[in-house]
Amino acid sequence: MSALKTAVVTKDSPGAIGPYSQAIRVGEMLFTSGQIPIDPATGAVVEGEIAEQTARVCENLKAVLAAAGVGFAEVVKTSVFLKDMKDFAAMNEVYARYFAGDGFASPARSTVQAAALPKDVMVEIDCIAVIKSQER
């Protein structure tokens, strides 16, 4: 691994199922891989509709962010991929509980409908966060 980038790994979020990392830290920036609604304890896609799947995705992202020492307040950009754009409102309601907190600005976001997502899930989300320097 290059000295310029460091992998972030946690067992509290599903492990990578291919040649990628859960997240990569480069300086004070953190880039997460897309998270899908897999329960890290069972390895299975969570049952339910878009709300349940979005909550699991956000919990997976929360674990990856925490492993890097940050939280949702430090997220500056997200990308949301939906199986069906008709699920936007329900996804957005759950998303807001994580990314629209008191005292911090919500991140910039792109949301698109994808032709297909891994394991035929309804939602995938990735994000970029800023890691505050410990020296400041």
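Presented here is a report on the structure given in the accompanying data block. (Residues numbered from 1 in each chain as written. Predicted model: local features only at pLDDT ≥ 70, side-chain atom pairs only at ≥ 80, totals over all residues. Heavy atoms only, no water.)

1. Focus: the overall build of the chain
So, step 1. The number of helices and strands found in the chain is 2 helices and 6 strands.
So, step 2. What you see for the chain is a C-alpha radius of gyration of 14 Å, in line with the 14 Å of a compact globule of 136 residues.
So, step 3. At a minimum sequence separation of 6, the contacts of the chain that also span at least 24 residues come to 68%.
So, step 4. In the structure as shown, the chain presents an accessible area of about 7,500 Å², 53% of it carried by carbon and sulfur atoms. (Helix = DSSP H or I, 4+ residues; strand = E, 2+ residues; numbered from the N terminus. Rg over C-alpha atoms; globule rule 2.2 N^0.38 Å. Contact = heavy atoms within 4.5 Å. Areas by Shrake-Rupley, 256 points an atom, 1.4 Å probe, with all protein chains shown as cover.)

2. Re the pairing of strand S5 (residues 108–113)
So, step 1. Where strand S4 (residues 75–82) meets S5, 6 bridges bridge the pair, whose relative direction is parallel. The residue bridging lysine 77 from the neighbouring strand is alanine 108, located in S5. (Pairing = 2+ DSSP bridges.)

3. Things to note about unusual backbone geometry
So, step 1. Phi at lysine 119 is positive, roughly 60 degrees, even though this residue is not glycine.
So, step 2. Along the chain, the position of lysine 119 falls in the loop between S5 and strand S6 (123–130).
So, step 3. Positioned with a positive phi, aspartate 120 is a non-glycine residue whose angle comes to about 60 degrees.
So, step 4. Here aspartate 120 lies in the loop between S5 and S6.

4. Points about the packing of aromatic side chains
So, step 1. Considering all chains together, one arrives at 3 aromatic pairs under this definition.
So, step 2. One aromatic cluster is present, formed by Phe72, Tyr95, Tyr98 and Phe99 through successive ring pairs.
So, step 3. Its guanidinium or amino end placed over the ring of tyrosine 95, arginine 109 lies 4.4 Å from that ring's centre, counting from NZ or CZ. (Phe/Tyr/Trp six-rings, centres within 6.5 Å; stacked < 30°, edge-to-face > 60°. Lys NZ or Arg CZ within 6 Å of the ring centre and 35° of its normal.)

5. Brief notes about the nonpolar core
So, step 1. Judged by nonpolar contacts, the single largest core of 27 residues is most densely connected at Leu30, Leu65, Phe99, Val123 and Ile125.
So, step 2. Within the residue set of this core, elements represented by two or more residues are helix H1 (50–67), S4, helix H2 (88–99) and S6.
So, step 3. The residues contacting leucine 65, other than those within four sequence positions of it, are Leu30, Thr32, Val70, Gly71, Phe72, Val75, Cys127 and Ala129.
So, step 4. Of all hydrophobic cores here, the second largest spans 5 residues; its members include Ile38, Ala114, Leu117 and Val121. (Core = buried A, V, L, I, M, F, W, Y, C linked by side-chain atoms within 4.5 Å. Buried < 20%, exposed > 50% of the residue type's maximum accessible area, 1.4 Å probe, protein only.)

6. Some remarks on the environment of alanine 63
So, step 1. As for its placement among the helices and strands, alanine 63 is situated in helix H1.
So, step 2. Measuring from C-alpha to C-alpha, the distance between alanine 63 and lysine 11 comes to 8.5 Å, with 52 residues separating the pair along the chain.
So, step 3. The contact partners of alanine 63, leaving out residues within four places of it in the chain, are Thr10, Asp12 and Ser13.

7. Details of the side chain of serine 33
So, step 1. Relative to the assigned elements, serine 33 resides in the loop between strand S3 (29–32) and H1.
So, step 2. When its relative accessible area of 18% is taken as the criterion, serine 33 is described as buried.
So, step 3. Leaving out residues up to four positions away in the same chain, serine 33 has contacts with Tyr20, Ser21, Gln22, Ala23, Leu61, Ile125 and Asp126.

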